[in-house]
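Structural overview
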Amino acid sequence: MSRPDRTATVTTAAAAREHARSVVREEWNTAARTAREEDVVDLLLVVSELVSNALRHGEGLAGFEAAATPDGVRLAVHDHSDVVPDVVHGSGTFPLAGHGQGYGWPIIIRLARDIVVRHRPGGGKTISVLVPLRSRS
């Protein structure tokens, strides 16, 4: 069953993870396919990192969306900051210990595809990613 509006009212990373998991259960999984648990774990890690970054560095979470696609789950995290982190287009390598930059963006870059950052018309930005899912064999 597909729902046209998968915008969730979430205020925490935990609530965003639960919403993303429900999208997998209710929309991506079918009688013919079920997502691999390791891919769902990757999805939940990306959700945690994106939402935590919005809360810590983006002046707060302005919205969260998760939508099933044939290839996985597309996430969109909206925040209130116009600042695009320098590491968004990084290599995905982890920083050296004690050298500033956290581990969140390298994790996102490694696990997600189609990473897009767009400024929102009223201010702030949206970070959109696709987290691939594979069916259990």
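Procedures and definitions
- Along each chain, the written sequence defines residue order, and numbers are assigned to residues from 1.
- Only residues with pLDDT of at least 70 are given local features in this predicted model, and only at 80 or more are side-chain atom pairs given and counted; all residues enter the totals for whole chains, interfaces and linings.
- As a rule here, side-chain values come from all non-hydrogen atoms in the structure, and water together with hydrogens is ignored.
- Working definition: helices are DSSP H or I runs of at least four residues, strands are E runs of at least two. Numbering for both runs from the N terminus.
- Burial here depends on accessible area, computed with a 1.4 Å probe over protein chains only, as a share of the maximum for the residue type. Under 20% is buried, over 50% is exposed, and the range in between is partly exposed.
- In what follows, residue pairs with any heavy atoms lying within 4.5 Å of each other are defined as contacts.
- Accessibility throughout is a Shrake-Rupley quantity obtained with a 1.4 Å probe, and a residue counts as covered only by protein chains that appear here.
- Note on method: axes are straight lines fitted to C-alpha atoms, helices fitted across the in-contact stretch only, with angles between N-to-C directions ranging 0 to 180 degrees.
- Should an angle fall under 35 degrees it is taken as roughly parallel, and over 145 as roughly antiparallel, whereas 65 to 115 is taken as roughly perpendicular and any remaining angle as oblique.
- Should the near helix be turned counterclockwise from the far one by less than a right angle, the crossing is left-handed, whereas a clockwise turn marks it as right-handed.
- Note on residue classes: Ala, Val, Leu, Ile, Met, Phe, Trp, Tyr, Cys and Pro are nonpolar, Asp, Glu, Lys and Arg are charged, and everything else, Gly too, is polar.

1. What about the overall build of the chain?
Helix and strand counts for the chain stand at 3 helices and 5 strands. Of the regular secondary structure in the chain, the N- to C-terminal order runs β-α-α-β-β-α-β-β. Taken over 137 residues, the chain has a buried fraction of 43%. Sequence separation of at least 24 residues holds for 57% of the intrachain contacts in the chain that already meet a minimum separation of 6. Within the structure as shown, the chain displays about 7,500 Å² of accessible surface, and the carbon and sulfur contribution to it stands at 53%.

2. Section: unusual backbone geometry
Non-glycine residue E59 carries a positive phi angle of around 60°. Along the chain, the position of E59 falls in the loop between helix 2 (37-57) and strand 2 (61-69). Residue classification places E59 among the exposed residues on the basis of a relative accessible area of 61%. Although it is not a glycine, D114 sits at a positive phi angle of roughly 50°. Inspection of the secondary structure assignment puts D114 in strand 4 (residues 113-119). Residue classification places D114 among the partly exposed positions, given a relative accessible area of 48%.

3. Here's the deal with the packing of helix 2 against helix 3 (residues 104-111)
Running from N to C, helix 2 and helix 3 point in directions that differ by 140°, and their axes come no closer than 9 Å. Judged by the angle between their axes, helix 2 and helix 3 are oblique. You can see that helix 2 and helix 3 cross each other, and the crossing is left-handed. Residue-level contacts link D42, L45, V46, E49, L50 and N53 of helix 2 to G104, W105, I107, I108 and L111 of helix 3. Split into classes, the residues belonging to the contact of helix 2 with helix 3 amount to 7 nonpolar, 2 polar and 2 charged.

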